[in-house]
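# Chains, contacts and geometry: an overview
Each chain, written out:
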Amino acid sequence: MPLRKLAGPLLLMLGLPPLTYYMWLCLRYYDGALVLPTSGGAWLALAVRVPGPTLQAVVLYGGWFLLQVVLQAAGPGKIYAGTPLADGSRLNYKMNGWFALWCTLAAVAVVVAAGWVSPTVVYDAFGPLLTTVHLFAFAFSFYLYLHGMASRQSTATGNFIYDYFMGVSLNPRVGSFDWKFFCESRPGLLLWLVFDLSLAAKQYQLHGTVTTAMLLVVAFQVLYVADYFFFEDAILTTWDIKYEKFGWMLCWGDLVWVPFTYTLQAHYLVDHPHALSAATTVGILVLNLLGYYLFRSTNIQKHRFRQNPTGLVWGKPPTYIRTAQGTLLLTSGWWGVARHLNYLGDLCMALAWCLPTLFGHPLPYFYFVYMVILLVHRERRDHIACQTKYSQDWEAYCQKVRWRILPGIY
Ligand code: NDP
């Protein structure tokens, strides 16, 4: 394999973990300012602040992961068939995320009320938790590699670094338990929500109040996570489930990146209890609701259309292009306005989650910048994948629907 192909995986695996620590250290020790050490000694002084795992962090995360496995495996849920695989077969998925969400919140309430875990534990033990989950994610990705290599599903290239990073199996399973589907949401998305609640508790402990800014950020993100579980089956038609193999990239992203960096704004607000004017509050609220509406209605429109192509779209029979493969590309509704309006909705929400932190430091805007890069890159990847898959049918769709994400601009 050419070194060029390995550069990306290596850079990401070596660069992203330090980045998550760096952002936390900036928050914790530099008031959220982006500190730039100018000498080797100064970098070292920063690095020695990175804590190792603690028994408390290991027990907390071990208990958390186990709870999520048990809820997924044993909780009641409706079975949905995934989209057809390359060989035409379909895998079944048990959807019980809504149930798991409420059970998790109840479990958290019990352990906090009983005094077994402090409500502010996330802020207090953030460093050791970050290290613990990192170690787990690296080890678990190795398990996924071995598991994939031992299965008939393996699509390994033979290069360990690349295979470890990208994964060697599309749907690694133990019996009917699907690791990718599980990790996409349960241990990471739910932890994001619990982290936010704990950070709000820390703000209350430190300042005797939960500010409007904190309430907005937490409420927006709770809405986003709850929405995911309410419409959980919509994940079956997303890129990750259909095409992405389950290796370090997805695994680390799900387990570490989501809970530890998506909570950056709430984390920042713990030590920045500023007030928001009524006009600012309303403006941010409207932006988030607009983004949410766009995101949700676009995603669900495609999902419903794929399940029932004769169902009405915006009150009319849908128009579409039938590809040579037999797949239908919707050309009416949101999917006739731009090719990825769902991404635009996500971007509006991302901005609304950052704005409550106001403009003291750029760090809390990291999520918005990251989402712009992620979704523009993702749209490009998806475009190439669809071009390869549908060739002239995709060209016809692109001619009919000119805009990629933002109508009139991009
Ligand atoms: P999409 O849900 O947009 O799925 C893209 C796929 O849909 C294409 O590959 C194609 O697959 C199919 N498709 C494309 N055009 C049409 C059409 N006109 N009609 C019917 N099917 C079509 O993308 P993602 O899976 O990337 O994203 C899903 C959601 O998740 C988005 O809202 C995104 O913003 C969000 N997201 C959030 C992230 C976060 O970290 N917060 C990270 C990533 C995504 P095929 O034809 O093969 O079915």
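In what follows, the structure referred to is the one given above.
Our subject in this report is the structure included herewith. Remember, predicted model here, so these are calculated numbers, not experimental data.

Take the site of the ligand next. Surveying the vicinity of the ligand reveals 30 residues, the closest of which are Lys-242, Tyr-243, Arg-306, Asp-346 and Lys-389. Within the side chain of Tyr-343, an N or O atom sits 2.6 Å from an oxygen atom of the ligand. Only helix H10 (239-243), helix H13 (278-307), strand E6 (328-330), helix H14 (341-354) and helix H15 (366-400) provide two or more residues apiece to the shell around the ligand. The greatest single-element share of the shell around the ligand, amounting to 11 residues, is contributed by H15.

Another aspect to go through is the packing of helix H3 (residues 55-74) against helix H8 (residues 179-207). As a packed pair, H3 and H8 sit with axes 10 Å apart at the nearest point and diverge in direction by 125 degrees. Judged on the interaxial angle alone, H8 and H3 are oblique. As H3 runs across H8, the sense of the crossing is right-handed. For the pair formed by H3 and H8, the contact residues are Tyr-61, Trp-64, Phe-65, Gln-68, Val-69 and Gln-72 on the first element and Trp-179, Phe-181, Phe-182, Arg-186, Pro-187, Leu-190, Leu-191 and Val-194 on the second. Counted by class, the contact of H3 with H8 contains 11 nonpolar, 2 polar and 1 charged residues.

One pass over the structure, following the stated rule, counts 49 aromatic pairs. Geometrically, the ring pair formed by Trp-24 and Tyr-29 is edge-to-face, given 6.3 Å between the ring centres and 70 degrees between the ring planes. Taking relative accessible area as the criterion, Trp-24 reaches 4% and is therefore assigned buried. With a centroid separation of 6.3 Å and an interplanar angle of 20 degrees, the aromatic rings of Phe-142 and Tyr-145 are classed as stacked. Of this pair, Phe-142 and Tyr-145 are both found in helix H6 (residues 126-149), 3 residues apart, which corresponds to roughly one turn of the helix. The lysine or arginine in question, Lys-5, covers the ring of Tyr-162, its NZ or CZ lying 4.7 Å from the ring centre.

Attention now moves to unusual backbone geometry. You will see that Leu-358, though not glycine, has its phi angle at about 60 degrees, which is positive. Position of Leu-358 relative to the elements: it lies in the loop between H14 and H15. A residue is classified by how much of its surface remains accessible, and Leu-358, at 25% relative accessible area, is partly exposed.

Moving on, we get to the side chain of Thr-20. With respect to the helices and strands, the residue Thr-20 is situated in helix H1 (residues 3-29). Thr-20 sits in the buried class, given a relative accessible area of 4%.

Cut-offs used in this document
Residues numbered from 1 in each chain as written. Predicted model: local features only at pLDDT ≥ 70, side-chain atom pairs only at ≥ 80, totals over all residues. Heavy atoms only, no water. Near = heavy atom within 4 Å. Polar contact = N/O pair within 3.5 Å; in protein donor to acceptor, adjacent residues only side chain to side chain. Helix = DSSP H or I, 4+ residues; strand = E, 2+ residues; numbered from the N terminus. Axes fitted to C-alpha atoms, helices over the stretch in contact; angles between N-to-C directions. Parallel < 35°, antiparallel > 145°, perpendicular 65-115°, else oblique. Left-handed = near helix turned anticlockwise from the far one by under 90°. Contact = heavy atoms within 4.5 Å. Nonpolar A, V, L, I, M, F, W, Y, C, P; charged D, E, K, R; others polar. Phe/Tyr/Trp six-rings, centres within 6.5 Å; stacked < 30°, edge-to-face > 60°. Buried < 20%, exposed > 50% of the residue type's maximum accessible area, 1.4 Å probe, protein only. Lys NZ or Arg CZ within 6 Å of the ring centre and 35° of its normal.

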